[in-house]
Structure formats: C-alpha cells, structure tokens
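# Secondary and tertiary structure notes
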Amino acid sequence: MMSDTELLVTGRAKLRRLTDPAPAPARRVGQSSTRRTVGRTLGYIALIIAAIGLLAPFAWMVMSSLKNANEVFSVPVVWIPDVFVWENYVDIWTKSNMLVWIRNTLFLAVSVTFLQVLTGSFAAYGFARMRFAGRDILFLAYIGTIAVPWQSYMIPQFILLSNLKVSNTLWSIILLQAFGAFGVFLMKQYYETIPEELSEAARLDGLSEYGIWRRIMLPLSVPAIASLTLLTFVNTWNDYLGPLIYLRNPDLWTIQLGLKSFVSNLFDTNYALLFAGLTISVVPIAIIFLLGQKYFVEGIATSGMKG
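The structure displayed is predicted, hence computed values, not measured ones.

### Topic: the packing of helix α8 (residues 181-191) against helix α11 (residues 222-238)
At a minimum axis distance of 9 Å, the contact between α8 and α11 shows a crossing angle of 165 degrees. One finds that α8 runs roughly antiparallel with respect to α11. Of the two possible hands of crossing, α8 and α11 adopt the one that is right-handed. Residues Phe182, Gly183, Leu186, Met187 and Tyr190 of α8 lie in contact with α11, whose contacting residues are Pro223, Ala224, Ile225, Ser227, Leu228 and Leu231. The class makeup of the residues in the contact of α8 with α11 is nine nonpolar, two polar and no charged.

This is the structure in structure tokens:
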C-alpha cells in the first residue's frame, strides 16, 4: 500500500506528463530548420538581385562621368574606363552655371521643406487633438486631394500665380508646394500614437494649444518630422515639371533645368559632363538619406499605428 504522500507525488508526476507538450521528433525539427534556412537564403538572394538592379544604373552613371565623351555609349559597354577623366567634374563647374543651379535648388528645397513641415504639423495637430463639427469630413476631403493629379489643375494654378505676379520667380514654386496633404496625414497618424493624457495634463497646467503643439507634440514627433523632411526635400530637389513651367529666366533655373540644357542638341552633347552633373546632384540626397535613415524608418513604421 502506498502512503498518501507517495500517492500525491505520483499523481502530480502523471499530471505533469499529461500537460507537458510532447517533444517534437528530431527529424521534424531538423526539417523545419532546413526549410527556414533555405527560405532565408532565397530571400537574401532575391534582395541582392533587386539591389543590383537598382544600383546598376547609378553605378553606370558614376562610371560614365569619368569617361571621355566617345566612351559613354561604347559597344560593348565598358563599365570601368581605362583612364579616369576627372576633368569632367572641373569642366561641369567652369562650362556651366552649376553653382547658380545648386543655389536655386537648395533654396527651394529648404524653403519648401520648412514650410511643409510647419504647416503640415500644425494642421495635423488640429485634426488629431481638436474637436469641431465636420472634422472627419474635412480631413477626408483634404486627404482626398492626394488622389487628384496635378496636371488636372495645373493650368488654372498657372493663371492664378501669373495674376499674382509671381510667375517666373522662385516664390511661385514655394507657394505651390508650401502646403501638402501627405504631410498632414503623416503627422496626424503619428500624433495619434502620443497619449492624450499628456495634452490633458498640459492643459491643467495652463498651457495653451499652441504651447502643447510646440513644447510637447513636436519634440515627441522627431521620427515623423524627419520622415516628412526627408520626403519633402527629395521631392523638391528632384522636381522638374514645376520649375520648367514657372522658371523661364536662366538665372532662376534649378539643377534639373540646367542639366536639361546640356541635351538640347542631341548631336552636340557631352554626356560625360552631363553624368558628372547628375552625380553631383545626387550627392546631397545621398547625404540626407544617410543622416536620416534611422528616423525615416521609425517614422514611417509608427505613423500607421494608433495607440
């Protein structure tokens, strides 16, 4: 006969065996690990192929900027020139108004980026934290403008700015892009991840809505602000159609319009110089991306979360 203590221990052991999951067979665990490794390897291979496809044109452009004019479109393609023609980067500065183009482009990119971040974050705070009649309908109507192509209202907009006497000035581009629905949407989504209790505590301390936006919401929204700054700066820097329509004076040309003047005559074009200018134009964008990639990824990843 077993004692009460022995019966209790035996019962607990049986119960533990019943509740513990059965160990997976070694073969099944090995197969799962092999499949996971194969899947990860295939994923890496696909990413490498995609990266090569994206970087190959850029690498060809950089290498072509170091060739002479006759080697750029040689057949078969020569990726690495025998002699690096570094003089192309000197000639692009001496034979063109590269400094003026970069100055105009930088002025527009910085001005538009600052205004879009300012107006977008301020409007987003109103949609995210203020309560007023028709707020949701107004927000949906405003965001709906993203789906409207610019070409559909390009002519009326040009007439309006011409009547305001700002056509053929840098102010026309600034006024065109000072406001953006995408920036409002991005910032609003991020604001909604910030606890409402912080704003309520600030109101109890006597802080105004402007103070809450400036002293609480903006410091906590650095990833979203960095994302919006990066996207706006890149879009403004690369914009071609807007400056083409509004900037007719060569002294106001951006870098895109200036480099376009190199290919105005296809029979007398030094594409090596053109690619040297294009390479220079990519440098600021690459620096911005390298400096802000951490905040950019964080801002995009968290702007779609609401909590």
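There's plenty left to go through after this.
### A few points about a nonpolar patch on the surface
Taken together, the side chains of Val77, Trp79, Ile80, Phe84 and Trp86 make up a nonpolar region of the molecular surface, amounting to roughly 560 Å² of accessible area. If you trace the backbone, tryptophan 79 turns up in the loop between α2 (26-64) and α3 (87-94).

### Describing unusual backbone geometry
Non-glycine residue lysine 165 carries a positive phi angle of around 65 degrees. Along the chain, lysine 165 falls in the loop between α6 (154-163) and α7 (170-177). A relative accessible area of 70% means that lysine 165 is categorised as exposed. The phi angle at asparagine 168 is positive, at roughly 65 degrees, despite the residue not being glycine.

### Overview of the side chain of serine 121
Structurally, serine 121 can be placed in helix α4 (residues 98-129). Of the polar contacts made by the side chain of serine 121, one reaches the backbone oxygen of leucine 118; its length is 3.1 Å.

### So, the pattern of salt bridges
The tally for this structure, following the rule as stated, stands at five salt bridges. Here lysine 188 ties to glutamate 192 by a salt bridge, and the two come within 2.5 Å at their closest N and O atoms. The burial state of lysine 188 is the same as that of glutamate 192; both residues are buried. We note a salt bridge from glutamate 209 to arginine 203, for which the minimum N-O separation is 2.7 Å. For glutamate 209, a relative accessible area of 25% translates into the label partly exposed. Counted as one network, the salt bridges with shared partners bring together Arg129, Glu196, Arg203 and Glu209.

### Concerning the packing of helix α10 (residues 209-220) against α11
Look at α10 against α11: their axes get within 5 Å of each other, and the N-to-C directions meet at 75 degrees. When the axis of α10 is compared with that of α11, the two are roughly perpendicular. On α11, the residues that touch Leu218, Pro219 and Leu220 of α10 are Val222, Pro223 and Ile225. Taken together, the residues of the contact of α10 with α11 sort by class into six nonpolar, no polar and no charged.

Definitions and limits used
Residues numbered from 1 in each chain as written. Predicted model: local features only at pLDDT ≥ 70, side-chain atom pairs only at ≥ 80, totals over all residues. Heavy atoms only, no water. Axes fitted to C-alpha atoms, helices over the stretch in contact; angles between N-to-C directions. Helix = DSSP H or I, 4+ residues; strand = E, 2+ residues; numbered from the N terminus. Parallel < 35°, antiparallel > 145°, perpendicular 65-115°, else oblique. Left-handed = near helix turned anticlockwise from the far one by under 90°. Contact = heavy atoms within 4.5 Å. Nonpolar A, V, L, I, M, F, W, Y, C, P; charged D, E, K, R; others polar. Patch = residues over 30% accessible without salt bridge, like charges linked within 9 Å, V, L, I, M, F, W, Y side chains within 5 Å. Areas by Shrake-Rupley, 256 points an atom, 1.4 Å probe, with all protein chains shown as cover. Salt bridge = Lys/Arg side-chain N within 4 Å of Asp/Glu carboxyl O. Buried < 20%, exposed > 50% of the residue type's maximum accessible area, 1.4 Å probe, protein only. Polar contact = N/O pair within 3.5 Å; in protein donor to acceptor, adjacent residues only side chain to side chain.

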